[in-house]
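# Inside the fold
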Amino acid sequence: MPRIRSVATVPALNRRTLLAATGAVSLSAGIGLALRPQSPAHAATAAQAPVADSVAHAEGRSATTGPKGPAALAPYTRGTTLGSVATPRSGSTGYRRLGDGAGWKRVVRDELAAAKTGRADRRTALAAFVQLTDLHLIDAQHPLRLEYLRSQNKSAWRPQETLTVAGAVSLIERVNSLHGAPATGTPLHFVMTTGDNTDNNSKTELEWFLKVMSGGRITPNSGDPRHYEGVQASNLKTYWQPDAALRDADKQLGFPRIQGFLEAAVRELRSPGLKLPWYSTVGNHDALPLGCYGSHGDSYLTEFAVGGKKLMSLGSAEATTLAKSIKSGSSPKGAAFHDLLRAHAREMRSVTPDEKRAPFTPAEYVKAHLDPAYTGPGPIGHGYSSANLSAGTQYYTFRIAEDVIGVSLDTTDPGGHYEGSIGTAQLRWLERTLRENADSYVIVFSHHTSKTMRNTHADPAHPAEARHGGSEVVSLLARFSNTLAWVNGHTHKNEIIPHAASGNRSFWEICTASHVDFPQLARVIELVDNKDGTLSLFTTLIESAAPHATDFSDLTQTGLAALYRELSFNAPGARTDLSGTSRDRNTELILKKG
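Residues numbered from 1 in each chain as written. Predicted model: local features only at pLDDT ≥ 70, side-chain atom pairs only at ≥ 80, totals over all residues. Heavy atoms only, no water.

### Things to note about helix α4 (residues 203-214)
- Taking 1.5 Å per residue, 12 residues should reach 16 Å; α4 reaches 17 Å between its end C-alpha atoms and fits that length.
- Counting buried residues along α4, 9 of its 12 residues qualify, which places the element largely inside the surrounding structure. (Helix = DSSP H or I, 4+ residues; strand = E, 2+ residues; numbered from the N terminus. Expected span 1.5 Å × (residues − 1). Buried < 20%, exposed > 50% of the residue type's maximum accessible area, 1.4 Å probe, protein only.)

### Some points on unusual backbone geometry
- G378 connects to P379 through a cis peptide bond whose omega is -10 degrees.
- Along the chain, the position of P379 falls in the loop between α10 (362-370) and α11 (386-391).
- Here F518 and P519 are connected by a cis peptide whose omega angle stands at 20 degrees.
- As for its placement among the helices and strands, P519 is situated in the loop between β21 (507-511) and β22 (522-529).
- In this structure, H136 is a non-glycine residue whose phi angle is positive, near 50 degrees.
- Residue placement: H136 occurs in the loop between β7 (124-132) and α3 (164-177).
- Positioned with a positive phi, L290 is a non-glycine residue whose angle comes to about 65 degrees.
- One can find L290 in the loop between α6 (284-287) and α7 (299-306).

### What about the packing of aromatic side chains?
- Enumeration over the complete set of coordinates arrives at 21 aromatic pairs.
- Counting every residue linked through ring pairs, the aromatic cluster contains F129, F190, Y279, F360, Y365, Y384, Y396, F398 and F445.
- For the cation-ring pair, R97 lies above F552, with the distance from its terminal atom to the ring centre recorded as 3.9 Å.
- The ring of W104 carries R585 above its face, with NZ or CZ at 4.5 Å from the centroid. (Phe/Tyr/Trp six-rings, centres within 6.5 Å; stacked < 30°, edge-to-face > 60°. Lys NZ or Arg CZ within 6 Å of the ring centre and 35° of its normal.)

### Quick look at the sheet that holds strand β15 (residues 404-408)
- The sheet built from 6 strands is open, its strands ordered β14-β15-β17-β19-β21-β20 with mixed pairing. Here the strands that pair on one side only, and so sit at the sheet edges, are β14 (396-401) and β20 (495-499). Geometrically, the sheet is characterised by an average inter-axis angle of 20 degrees between neighbouring strands, direction not taken into account.
- Where β14 lies against β15, 5 bridges are found, and the strand directions are antiparallel. Across the sheet, residue F398 finds its bridge partner in β15, namely G406.
- Sitting on the sheet, helix α12 (residues 424-436) is in contact with β14, β15, β17 (441-445) and β19 (483-488), with an inclination near 180 degrees to β15. (Pairing = 2+ DSSP bridges. Axes fitted to C-alpha atoms, helices over the stretch in contact; angles between N-to-C directions. Contact = heavy atoms within 4.5 Å.)

### Focus on the packing of α4 against α10
- One can describe the packing of α4 onto α10 by two numbers: an axis separation of 11 Å at closest approach and a directional angle of 30 degrees. One way to sum up the angle between α4 and α10 is to call them roughly parallel. Relative to α10, the crossing made by α4 is right-handed. Seen from α4, the contacting residues are K203, L206, F209 and L210; seen from α10, they are E364, Y365, A368 and H369.
- A per-class count over the contact of α4 with α10 returns 5 nonpolar, 1 polar and 2 charged. (Parallel < 35°, antiparallel > 145°, perpendicular 65-115°, else oblique. Left-handed = near helix turned anticlockwise from the far one by under 90°. Nonpolar A, V, L, I, M, F, W, Y, C, P; charged D, E, K, R; others polar.)

Nothing here speaks to function; it is geometry throughout.
Below, the structure is given as structure tokens:
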């Protein structure tokens, strides 16, 4: 067995870093703390988001206790996709049941540096963490939801949408069960969620997300507290009607009738919360109603979200027009959507109004993270600080390990549309952060990928500020030899891209699949020094803790989580390429030291 030595669990903590690790640092507007523990605080410009100084792996915060000094560690692969992956048991058409399938082997990728022999016996672990992304906790009864787009595209509505909370809780249970990292055995130090934590930009969903992550009891229901009122109880053949005998479109494809499903789906459940410190990055569904409309200033849409009417049917021609408008971004503030709802007011069904369905603003998103009720294992704010509130920003930095920092970007565009970009102020802040921390390795986190940052709608709060896309971010990161990786989500697909640059300035872009669409994954990432002039990033995918096989009579919390996965596999129109190739899954990514 190779001897893996971990140095990431024994940072030197002075009083300031100890306070930061426990979330006790209070930052004033425009002022941030430098990341190096012994360096003085430095002033930030008015356009610069304050820097959060926190140690993700502080003593007492990890789910596992690391050794006090260097020692041999054993890789912990139990519960990962190295061992087994959910796989259809038989057949190629109709509704297919899942079971245990063969695991995915690790692939060494050497596009950016050669893999040198003997590195497994030399390497030292620097850091290990878990990435969650695109949880999409869905208030499935929300009046603004676009389920009726299914009339032109089967995948526009998913039959598993009522079970997102149960599925997310099961994922938390899986992370808590990992007693070490899969490649090195080093203790896991933190969890980062890279956005689209919610789906409708609804306060109900934000509360559910924070309780899923930090622990608590959750009732994934809104409107009438007595029963479900959404499209799956509408008696419309467009949608799977699980409790009814109606032979709907999905039952014609083999979907089961499961009496009691909807009652179980909105029943209270409990999340144990993460045992690890966790950090949060914002996605377009967290920033914009429906993930695409810069409509916080539209009083009609805001009132509709909390009101007592819901549109459940729309003709395919109008659905196609609306879908094209969303894709093109031709109505980024939701004017076309606003007009469509007004035009179909008489066709709407009555539902129970609920003020908790109101959209939340970016400031409310940050405030909710700062609420002590949701601190869980810490840190307070989960990366965000009172300084973010004062500056009106949602980007920050934090310390991952003694020689590694994390940078969380806000790639959402307040002007609307689901693709992303960043403003000039944030781009300059990123450049300063990379330059001022040249003695630390840097891992960047964002929601959008380099390929999906093409949205240049102006920020209404800063209309004169230019917006910058993914190619500019890649060029900036490649100027600094301390950049190791850019970790993101958004596309719901596993993809790992090498970004080559001269002068040992190459880095890897790691995009991970969502937890709402099959295969419903998260990713463990480990950073090691190979002691031969190279570093390795190990990536290992994990599924939720729910069993692969389902039992339609098991409507417990665990049974629903298993059903959540199987329904997502069978969702009509669902993409089948989201797992990516073997080179995008379990990997060792090698790069030269900067």
